[in-house]
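One-letter residues, chain by chain:
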Amino acid sequence: MERETAPSSSRGDREEDAKVIEWEEFDDELTRLWSLSSALKLATEKKLTLQPKLESLIQVSAESLRRTNELEEMRQRLEAKKLMVENTSVACKVTEQDLKKKEDVLSAEVRSLLVGGTTLSIAKTKLQESNCQLEGESGYAHLKTVTNKLRKRQQYMISQVSFIYPLKIEAGPSQDQELESFPGGSRLGTKPVSQGSVKILGLPFSMAPFTKMSFFTDKKEVQKSATALGYVAHAVSLLAPYLGVPIRYPLRLGGSKTYIRDYAPYIEPSASDMPPVSTLSENAKFVEFPLFLDGQDTNRAAYAVFLLNKNIEQLLNFVGESSLGPRQVLANLKELIRIIQSPDYIDY
């Protein structure tokens, strides 16, 4: 019963869906359906015709998209290479500037070398000419002869100084009392052993009053030391120009009241200790120290003796000898005169 009922219900639905056409409208409806069928057939044919073209367009579009992506990648690589080229160009410009600077420096050095080479060539030529002159009759032999004559003349003039101020050694131990070091400093060393006392014009010189001045000091001994120092200062002032040596500590001669100048004083005196003769030159400051003790500070006088001995030591060094001692004033002066008057001095 149910099976029979189902088909009957289906037929009922179709009957409800079915359109009832009047006979008068049947031709029109049939014509419309035929027109729709023709249009559907035509559309189907167009669809089949357009489908290959559409697939071709899709392939072209896909290929175009692929190539567009490839072109974008190539453009990015090109931009990267372009940036690298720009960086390389900047580096090349910097390197080129550095090379330009180095080239300028090298050019300046080359010019300097050329000038130096020219100067060296000129100097070499002059040296060869000088060698040729020295090898001739008026060359080295003539210079040696002139030097010998000059030194003989120096020996004669210094012998006159030795005649004016004779230095003699008195037998017996030296009476000089030396200090191991200068008061207030360490410029001086120890005194060498002496086998006798040296006198100038018969006057001895002792450092005792300069180190231990007191009320009981013998005034005559003080005066004799000052006079002896005046003689030594005068002798040194004569010997230095004869030898052509500018002494380091200039002298202001005054017999037993002689002063010696120090342009860089070892002792800085106070205003009360400055003597009236201490002056300032236009270019340099100097202080004068007394070579006598009369009314003077013992330290300043002892320093003056030290400076006088340094002048004698300077002259000894000029003739190739060393000082006999830091306070051996008369002994150093006698040794200086002895060396200059020796025959070996002419061939020195």
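Source: prediction; values computed, not measured. (Residues numbered from 1 in each chain as written. Predicted model: local features only at pLDDT ≥ 70, side-chain atom pairs only at ≥ 80, totals over all residues. Heavy atoms only, no water.)

Peer 1: Would you mind showing me how to read the overall build of the protein chain here?
Peer 2: Helix and strand content of the protein chain: 7 helices and 6 strands. Listed N to C, the secondary structure of the protein chain is α-α-α-β-β-β-α-α-β-β-β-α-α in terms of helices and strands. A buried classification covers 27% of the 348 residues belonging to the protein chain. By element, 57% of the accessible surface of the protein chain is carried by carbon and sulfur atoms, the whole surface being about 24,300 Å². (Helix = DSSP H or I, 4+ residues; strand = E, 2+ residues; numbered from the N terminus. Buried < 20%, exposed > 50% of the residue type's maximum accessible area, 1.4 Å probe, protein only. Areas by Shrake-Rupley, 256 points an atom, 1.4 Å probe, with all protein chains shown as cover.)

Peer 1: Quick question: what am I supposed to make of the nonpolar core here?
Peer 2: A general tendency of soluble globular proteins is for nonpolar side chains to be buried together. With 46 residues, the main nonpolar core has Val232, Val236, Leu308 and Leu333 as its most contacted residues. Those elements giving two or more residues to this core turn out to be helix H3 (140–164), strand S2 (196–200), helix H5 (219–243), strand S6 (287–290), helix H6 (298–318) and helix H7 (329–341). It is H6 that contributes the most residues to this core, 10 residues altogether. Residues contacting Val232, with those up to four places away along its chain left out, are Ile200, Leu308, Ile312, Val329, Leu330 and Leu333. (Core = buried A, V, L, I, M, F, W, Y, C linked by side-chain atoms within 4.5 Å. Contact = heavy atoms within 4.5 Å.)

Peer 1: Explain the packing of aromatic side chains here, please?
Peer 2: Between two aromatic rings, the relevant description is the distance of the centres plus the angle of the planes. According to the stated counting rule, one finds 5 aromatic pairs in the structure shown. Look at Phe289 and Tyr303: their rings are 4.9 Å apart centre to centre, the planes differ by 75°, and that puts the pair in the edge-to-face class. With Phe289 in strand S6 and Tyr303 in helix H6, this residue pair connects regions lying 14 residues apart in the sequence. The burial state of Phe289 is the same as that of Tyr303; both residues are buried. Here the aromatic rings of Tyr303 and Phe306 are separated by 5.9 Å at their centres, their planes lie at 25°, and the arrangement is stacked. Taken as a pair, Tyr303 and Phe306 lie in helix H6 at a separation of 3 residues, close to a single helical turn. No difference in accessibility class separates Tyr303 from Phe306, as the two residues are buried. Taken together, Phe289, Tyr303 and Phe306 form an aromatic cluster joined through their ring pairs. Positioned over the ring face of Tyr345 is Arg151, at 5.2 Å from the centre of the ring. (Phe/Tyr/Trp six-rings, centres within 6.5 Å; stacked < 30°, edge-to-face > 60°. Lys NZ or Arg CZ within 6 Å of the ring centre and 35° of its normal.)

Peer 1: Help me understand a nonpolar patch on the surface, please; the structure alone is not making it clear to me.
Peer 2: Judged by side-chain polarity, Trp23, Phe26 and Leu30 come together as a nonpolar surface patch covering roughly 380 Å² of accessible area. For Phe26, the location among the structural elements is in helix H2 (residues 23–135). A relative accessible area of 36% places Phe26 in the partly exposed class. (Patch = residues over 30% accessible without salt bridge, like charges linked within 9 Å, V, L, I, M, F, W, Y side chains within 5 Å. Salt bridge = Lys/Arg side-chain N within 4 Å of Asp/Glu carboxyl O.)

Peer 1: Quick question: what am I supposed to make of the UniProt feature "coiled-coil region" (unreviewed entry) in the protein chain here?
Peer 2: Per the UniProt record, "coiled-coil region" (unreviewed entry) is found at residues 61–88. Helix makes up 100% of residues 61–88 and strand 0%, and the two end C-alpha atoms of the span are 40 Å apart. (UniProt positions renumbered as here; feature names shortened; annotations may be inferred.)

Peer 1: When you look at the sheet that holds strand S4 (residues 251–252) in this model, what are you seeing that I'm missing?
Peer 2: Strand pairing in a sheet relies on backbone hydrogen bonds. The paired strands run either parallel or antiparallel. Within the open sheet, the 3 strands sit side by side as S4-S5-S6. Their pairing is antiparallel. For this open sheet the edge positions go to S4 and S6, each flanked by a neighbour on one side alone. Looking at chain direction, strand S5 (residues 259–262) and S6 are connected through 4 bridges and run antiparallel. Following the sheet pairing, Arg261 is matched in S6 by Glu288. Packing of H6 onto the sheet brings it into contact with S4, S5 and S6, and relative to S6 it is tilted by some 100°. (Pairing = 2+ DSSP bridges. Axes fitted to C-alpha atoms, helices over the stretch in contact; angles between N-to-C directions.)

Peer 1: I would appreciate a short explanation of the packing of H6 against H7 in the present structure.
Peer 2: Think of two packed helices as two axes; the pair is described by the angle between the axes and how far apart they sit. Between H6 and H7, the least distance of the axes is 10 Å, while the angle of their chain directions is 20°. Classified by the angle their axes make, H6 and H7 are roughly parallel. Remark: the crossing between H6 and H7 carries left-handed chirality. Between H6, through Val305, Leu308, Asn309, Ile312, Leu315 and Leu316, and H7, the contact on the second element is made entirely by Val329, Asn332, Leu333, Glu335, Leu336 and Ile339. Class assignment of the residues belonging to the contact of H6 with H7 gives a composition of 9 nonpolar, 2 polar and 1 charged. (Parallel < 35°, antiparallel > 145°, perpendicular 65-115°, else oblique. Left-handed = near helix turned anticlockwise from the far one by under 90°. Nonpolar A, V, L, I, M, F, W, Y, C, P; charged D, E, K, R; others polar.)

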